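# Residue-level structure breakdown
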Amino acid sequence: MKVARRVENLPPYLFVEISRKIAEKKSKGEEVISFGIGDPDIPTPPHIISRLCQAAQDPVNHRYPESDGLPELRRAIADWYQKRFGVAFNPDTEVLPLIGAKEGIAHIAFCLIDPGDTALVPDPGYPVYSIGTMLAGGRPYYLALNEKNSYLPDLRSIPQHIARSARLLWLNYPNNPTGAVAELDFFKRVVEFARRYGMAVCHDGPYTEVAFDGYQPVSFMQAEGAREVGVEFHSLSKSYNMTGWRIGMAVGNPVMIDALKRLKSNMDSGIPQAIQYAAIEALSGPQDCIPEHNALYQRRRDLMVEGLNKIGLQARLPKASLYVWARVPEGYTSVEFTTDLLEQVGVVVTPGTGYGRHGEGYIRLSLTIPDVSLVKGLSKLAGWRNKKLATSLKFS
Ligand SMILES: Cc1ncc(COP(=O)(O)O)c(C=O)c1O
């Protein structure tokens, strides 16, 4: 059997070796604490589950859904954007429900990228931006995110010939994996840039509701002119602990929304309707769960950053997102350090290079770990020995 080149050419999955090592440790009965996955450990709020169960009982919802979603869901999404960000969308032409944001992110490349086209992709970044581009036959041009540029791409440093040929710019704030945030000024510059070069913008914002210390992330769609150049992907996964239900959305430019709708109507048959009703409940029902979850994540964030700094790993205090981005000790690469942590103390973190080469020198830790495991994981980390320095760094 010959597998198509587009699949053969996919980059190797960096996490495979880590998964193998975790399985090996566990098979020996050793405990492994994982800060790896950004998947909320808190259940979906009960009122959302009740609505889901109720809708699942109705035979109307046992049949094929429409591929562009229930009109009531598109209306609920538009109302949520109006209430949360003060941006009005036409629910019929500017809103498209998705089977999770990831699905739309991968598919939109097929709407905007022809073979040989360039997409500007942040590095480090959520891998689907570049994978989608490559599957569509395009080439990612990586934009470095680093401490110096506050993890915002320096649009002026993009060579003219690249900017002129790029069809699409990917952005993601609050950012995975760095936890960085962007303000409206930056998004306004993005709109100008996209207009100047005639490229589309896809902003991926699934973490806008996960924020700390009273901070309120903005939406790209709040920038004047954003709708002329781009769309925003959003998700119920992180805001309402609904990763397993698979529901998200795209909003914004009607031409891009229509292209995605047309592509998807040929590939999938929509979102199970009971899940759509659960999403309506999530977006229009009580929102108390959001500050409650954020208070919990904030407490974990503080514990984690303090713990990491104590053992000499410099960690940023993120204002938003589910992630802490920390420097690896001098002399280690991200993968070496990640491997060493797992082997020495049975703790899993994600190497920064899993998100691109500019992630070298960093690790990502997720806040979606129950408190008991978090505390245990931090105390295990405290026992880690820097063999390269032959010293032991311990909690004081
Ligand atoms: C930046 C980013 N975008 C999109 C997604 C996927 O979201 P969804 O669960 O809606 O597919 C994730 C999931 O981790 C993410 O980190």
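The following refers to the structure shown. (Residues numbered from 1 in each chain as written. Predicted model: local features only at pLDDT ≥ 70, side-chain atom pairs only at ≥ 80, totals over all residues. Heavy atoms only, no water.)

## Comments concerning the sheet that holds strand 9 (residues 323–327)
Taken together, the 3 strands give an open sheet; going across it, the order is 9-12-11, and neighbouring strands pair in antiparallel fashion. Edge positions in the sheet fall to strand 9 and strand 11 (350–351), since each of these pairs with one other strand and no more. Taken together, the 5 bridges between strand 9 and strand 12 (residues 362–366) define a ladder with antiparallel strand orientation. Within strand 12, the residue paired with Val 324 across the bridge is Leu 365. Contacts from helix 12 (residues 289–310) reach strand 9 and strand 12 within the one sheet, and its direction differs from that of strand 9 by about 10°. (Pairing = 2+ DSSP bridges. Helix = DSSP H or I, 4+ residues; strand = E, 2+ residues; numbered from the N terminus. Contact = heavy atoms within 4.5 Å. Axes fitted to C-alpha atoms, helices over the stretch in contact; angles between N-to-C directions.)

## Considering the site of the ligand
Around the ligand, the structure places 15 residues, and the nearest of them are Asp 204, Tyr 207, Ser 235, Ser 237 and Arg 246. Backbone polar atom of Lys 102 to an oxygen atom of the ligand: 2.9 Å apart, as the coordinates give it. The separation between a nitrogen atom of the ligand and a polar side-chain atom of Asp 204 is 2.5 Å. Isolated, the ligand exposes 390 Å² of accessible area, and the fraction of that covered by the protein chains is 92%. The residue inventory of the shell around the ligand, partitioned by class, reads 6 nonpolar, 5 polar and 4 charged. (Near = heavy atom within 4 Å. Polar contact = N/O pair within 3.5 Å; in protein donor to acceptor, adjacent residues only side chain to side chain. Areas by Shrake-Rupley, 256 points an atom, 1.4 Å probe, with all protein chains shown as cover. Nonpolar A, V, L, I, M, F, W, Y, C, P; charged D, E, K, R; others polar.)

## Digging into the packing of helix 12 against helix 14 (residues 371–382)
Interaxial distance between helix 12 and helix 14 falls to 10 Å at its minimum, and their mutual angle equals 10°. When the axes of helix 12 and helix 14 are compared, the pair comes out roughly parallel. Of the residues in helix 14, those touching helix 12 at Leu 296, Arg 299, Arg 300, Leu 303, Met 304, Gly 307 and Leu 308 are Asp 371, Leu 374, Val 375, Leu 378 and Leu 381. Looking at the contact of helix 12 with helix 14 residue by residue, the classes come out as 8 nonpolar, 1 polar and 3 charged. (Parallel < 35°, antiparallel > 145°, perpendicular 65-115°, else oblique.)

## Focus: the sheet that holds strand 6 (residues 200–204)
Sheet strands line up and pair through hydrogen bonds in the backbone, either parallel or antiparallel. Ordered by their spatial adjacency, 7 strands build an open sheet running 2-8-7-6-5-3-4, and the pairing between neighbours is mixed. With partners counted over all chains shown, the strands left at the sheet margins are strand 2 (95–98) and strand 4 (139–144), one partner each. Strand-to-strand, the axes of this sheet are offset by a mean angle of 20°, without reference to chain direction. Contacts from helix 4 (residues 71–85) reach strand 2, strand 7 (230–235) and strand 8 (248–252), with the element oriented near 110° to strand 2. Across the sheet, helix 10 (residues 254–265) lies against strand 2, strand 6, strand 7 and strand 8, angled at about 35° from strand 2, the strand it touches most.

## Some points on the nonpolar core
Counting 63 residues, the largest nonpolar core has Leu 169 and Tyr 240 as the members making the most contacts within it. It is helix 11 (residues 273–284) that provides the largest number of residues to this core, a total of 8 residues. Those residues within four positions of Leu 169 in sequence are excluded, and the remaining contacts are Leu 120, Leu 143, Leu 155, Val 190, Phe 193, Met 199, Ala 200, Val 201 and Cys 202. Residues Phe 35, Leu 341, Ile 363 and Leu 367 belong to the second largest nonpolar core, which totals 33 residues. (Core = buried A, V, L, I, M, F, W, Y, C linked by side-chain atoms within 4.5 Å. Buried < 20%, exposed > 50% of the residue type's maximum accessible area, 1.4 Å probe, protein only.)

## Concerning helix 12
Under the 1.5 Å per step criterion, the end-to-end length of helix 12 is 32 Å for 22 residues, consistent within 8% with the ideal 32 Å. Listed as buried for helix 12 are Cys 289, Ile 290, His 293, Asn 294, Tyr 297, Arg 300, Arg 301, Met 304, Val 305, Gly 307 and Leu 308. An end-on view of helix 12 places all buried positions within 160° of arc, on one side of the element. Across from the buried face of helix 12, at angles greater than 90 degrees, the exposed residues are Pro 291 and Glu 292. Buried residues along helix 12 sit in contact with strand 9, strand 12 and helix 14. (Expected span 1.5 Å × (residues − 1). Arc of directions from axis to C-beta.)

## Section: the pairing of strand 6
By the criterion of burial, strand 6 is predominantly enclosed, with 5 of the 5 residues buried. Residue alternation in strand 6 divides its side chains into two sets, Ala 200, Cys 202 and Asp 204 and Val 201 and His 203, and both sets are buried. When strand 5 (residues 166–172) meets strand 6, the two strands line up parallel, connected through 5 bridges. When the bridges of strand 6 are listed, Leu 168 appears paired with Ala 200. In this view, the connection linking strand 5 to its parallel neighbour strand 6 by way of helix 8 (residues 184–197) has right-handed handedness. Judged from the 4 bridges that link them, strand 6 and strand 7 form a sheet pairing that is parallel. Paired with Asp 204 across the strands is Phe 233, a residue of strand 7. (Right-handed = clockwise from strand over helix to strand, strands pointing away.)

## A short note on the pattern of salt bridges
Counted by the stated rule, this structure contains 26 salt bridges. Note that Glu 31 is salt-bridged to Lys 380, the shortest N-O span being 3.6 Å. Residue Glu 31 is found in the loop between helix 2 (15–27) and strand 1 (33–34), and its partner Lys 380 is found in helix 14; the two are separated by 349 residues along the sequence. Glu 147 is paired through a salt bridge with Arg 327; the nearest N and O atoms lie 3.1 Å apart. Of this pair, Glu 147 sits in the loop between strand 4 and helix 7 (160–165) while Arg 327 sits in strand 9, and the two are 180 residues apart along the sequence. Judged by its relative accessible area of 31%, Arg 327 falls in the partly exposed class. Salt bridges here are not isolated pairs; linked through shared partners, they connect Asp 41, Arg 299, Arg 300 and Asp 371. (Salt bridge = Lys/Arg side-chain N within 4 Å of Asp/Glu carboxyl O.)

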